[in-house]
Amino acid sequence: MTKLAGMVALVAGGTRGGGRGIAVELGAEGATVYVTGRSSQAGRSDLDRPETIEETAERVTAAGGLGIPVCVDHSRADEVQALVERITSEQGGRLDLLVNSVWGGDSLTDWEHPLWEQDLDTGLRLLRRAVETHVITSRYALPLLVARGRGLVVEVTDGNTARYRGSFFYDLAKSSVIRLAVAQAAELRPHGVAAVAVTPGFLRSEAVLDHFGVGEDNWRDAEAKDPHFAHSETPAYLGRAVVALAADPEVMAKSGRALSTAGLYPEYGFTDIDGAQPDWAAHWAEALEGEFGPLGDAL
């Protein structure tokens, strides 16, 4: 028996990276997964990456679930509303899991300059992509969860502590996503729906692998450039964390919290694809805290 058989999930921003990893792992446990994003076989988004929503959906189905690709720009309320109407029609109003994983801000992040030297339009565009899209998606999808009186919202972020993330707009976006989980948890609790934020550690996304000039089959070659890469994790590890939360009948006890793969694997026992259990928080404390300071308390 698969853990999530019969479950219907929406993974917003499932084209690549953490979103793809979550979608595929949900499929591996029998879920029907709507995979959305702007990059499709019909054309690439302005990010100009080769991954597509159709490819992710095919991986979901191959893993054992049912992947349904839908090309959606989550900054457009009309497109999100149409998506939710389609889910309502095709699934009889059922939606069990909403994953807000839209990002698209890599090319907009300025890691070199303080706020007063940054381009304001670029920074605000990052916030619209990384935060406003989540708000729009929840606005239209949450009524399906509320109507069922059960379910889970997962906000995918970067980091679950108050530590500054090194760039003003990037930090504001990722911290804001955590507050979205907190706020949704407060409003959804009376309706039996949970909301959490979840972060991976050092994620081996497609873009990160490209940055190091390696693939998943030879990723350890990149350790020569960055020894900390030895403690990285695949998107599947994040996906398995989300699966564990979605299958947990007591998940409401975690509602409103900022969680991490490092904090969840000891409880749920999931592993990465190679059987390892990467713990970025532990590695930071051992190897990076002296140089960069502690990660800090959880938000």
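Residues numbered from 1 in each chain as written. Predicted model: local features only at pLDDT ≥ 70, side-chain atom pairs only at ≥ 80, totals over all residues. Heavy atoms only, no water.

## Re the overall build of the protein
Logical step 1: Looking only at helices and strands, one finds nine helices and seven strands in the protein.
Logical step 2: Taking 2.2 N^0.38 as the reference for a compact globule, 299 residues should give roughly 19 Å; the C-alpha atoms of the protein span a radius of gyration of 18 Å, in line with that estimate.
Logical step 3: Referenced to the eigenvectors of the C-alpha coordinate spread, the extents of the protein come out at roughly 55 × 45 × 40 Å.
Logical step 4: Taken across its 299 residues, the protein has 53% of its residues classed as buried.
Logical step 5: Of the contacts formed within the protein by residues at least 6 apart in sequence, a portion of 70% connects residues at least 24 apart.
Logical step 6: With an accessible surface of roughly 13,300 Å², the protein has 51% of that area assigned to carbon and sulfur atoms.
Logical step 7: A distance of 5 Å separates the average location of the 27 positive side-chain charges in the protein from that of its 43 negative side-chain charges. (Helix = DSSP H or I, 4+ residues; strand = E, 2+ residues; numbered from the N terminus. Rg over C-alpha atoms; globule rule 2.2 N^0.38 Å. Buried < 20%, exposed > 50% of the residue type's maximum accessible area, 1.4 Å probe, protein only. Contact = heavy atoms within 4.5 Å. Areas by Shrake-Rupley, 256 points an atom, 1.4 Å probe, with all protein chains shown as cover. Lys, Arg positive; Asp, Glu negative; His and termini not counted. Charge placed at Lys NZ, Arg CZ, Asp CG, Glu CD.)

## Here's the deal with the packing of helix H7 (residues 235-247) against helix H8 (residues 261-268)
Logical step 1: Two elements in contact, H7 and H8, have axes whose closest approach is 10 Å; the angle formed by their N-to-C orientations is 55°. Between H7 and H8, the angle falls in the class oblique. Here the hand of the crossing between H7 and H8 comes out left-handed. Only Thr261, Leu264, Tyr265 and Tyr268 of H8 make contact with H7, whose side of the interface consists of Tyr237, Leu238, Ala241, Ala244 and Leu245.
Logical step 2: Its residues assigned to classes, the contact of H7 with H8 shows eight nonpolar, one polar and no charged. (Axes fitted to C-alpha atoms, helices over the stretch in contact; angles between N-to-C directions. Parallel < 35°, antiparallel > 145°, perpendicular 65-115°, else oblique. Left-handed = near helix turned anticlockwise from the far one by under 90°. Nonpolar A, V, L, I, M, F, W, Y, C, P; charged D, E, K, R; others polar.)

## Describing unusual backbone geometry
Logical step 1: The backbone of aspartate 48 sits at a positive phi, close to 60°, despite the residue not being glycine.
Logical step 2: Mapped onto the secondary structure, aspartate 48 falls in the loop between strand S2 (32-37) and helix H2 (53-63).

## Digging into the side chain of serine 40
Logical step 1: Take serine 40: it is sitting in the loop between S2 and H2.
Logical step 2: Residue serine 40 is classed as buried on the basis of its relative accessible area of 8%.

## Let's talk about the nonpolar core
Logical step 1: Counting 35 residues, the largest nonpolar core has Leu26, Leu97, Leu152 and Val154 as its most contacted members.
Logical step 2: Setting aside anything within four residues of it in sequence, one finds valine 154 in contact with Leu97, Leu98, Val99, Asn100, Val196, Val198 and Val242.
Logical step 3: Counting 22 residues, the second-largest nonpolar core is a separate cluster that includes Tyr34, Val80, Leu83 and Leu145. (Core = buried A, V, L, I, M, F, W, Y, C linked by side-chain atoms within 4.5 Å.)

## Section: the packing of aromatic side chains
Logical step 1: In the structure shown here, the tally under the stated rule is ten aromatic pairs.
Logical step 2: Judged by centre distance (5.5 Å) and plane angle (90°), the rings of tryptophan 103 and tyrosine 170 are edge-to-face. Of this pair, tryptophan 103 sits in the loop between strand S4 (97-100) and helix H4 (120-148) while tyrosine 170 sits in helix H5 (residues 168-188), placing them 67 residues apart in sequence.
Logical step 3: Accessibility expressed as a relative area gives 18% for tryptophan 103, which makes it buried.
Logical step 4: According to the relative accessible area criterion, tyrosine 170 is buried, its value standing at 10%. (Phe/Tyr/Trp six-rings, centres within 6.5 Å; stacked < 30°, edge-to-face > 60°.)

## Structural notes on the pattern of salt bridges
Logical step 1: Tallied over the full model, the rule gives 20 salt bridges.
Logical step 2: Across the salt bridge formed by arginine 76 and glutamate 79, the nearest N and O atoms sit 3.2 Å from each other.
Logical step 3: When its relative accessible area of 28% is taken as the criterion, glutamate 79 is described as partly exposed. (Salt bridge = Lys/Arg side-chain N within 4 Å of Asp/Glu carboxyl O.)

## Focus: the sheet that holds strand S3 (residues 66-71)
Logical step 1: Reading across the sheet, the seven strands line up as S3-S2-S1-S4-S5-S6-S7 and stay open at both edges, with parallel pairing between neighbours. For this open sheet the edge positions go to S3 and strand S7 (258-260), each flanked by a neighbour on one side alone. Each neighbouring strand pair of the sheet contributes to a mean axis angle of 20°, computed without reference to strand direction.
Logical step 2: Pairing of S2 with S3, which is carried by six bridges, proceeds in the parallel orientation. Of the residues in S3, the one forming a bridge with valine 35 is proline 69.
Logical step 3: Packed onto the sheet, H4 meets strand S1 (8-12), S4 and strand S5 (152-156) and runs at close to 175° relative to S4.
Logical step 4: Here H8 sits on the sheet in contact with strand S6 (194-199) and S7, set at roughly 70° to S7. (Pairing = 2+ DSSP bridges.)

## Some remarks on the pairing of S2
Logical step 1: For S2, a buried count of six out of six residues is recorded, marking the element as mostly surrounded by other parts of the structure.
Logical step 2: Here S2 shows no split at all, with Thr32, Tyr34 and Thr36 on one side and Val33, Val35 and Gly37 on the other all buried.
Logical step 3: Of the pairings in the sheet, the one linking S1 to S2 comprises five bridges and is parallel in character. What sits directly across from alanine 9, in S2, is valine 33.
Logical step 4: Considered for its hand, the β-α-β crossover made up of S1, helix H1 (residues 17-28) and S2 is right-handed.
Logical step 5: The parallel pair S2 and S3 is bridged by H2, and the resulting crossover is right-handed. (Right-handed = clockwise from strand over helix to strand, strands pointing away.)

These figures come from the coordinates and say nothing about function on their own.
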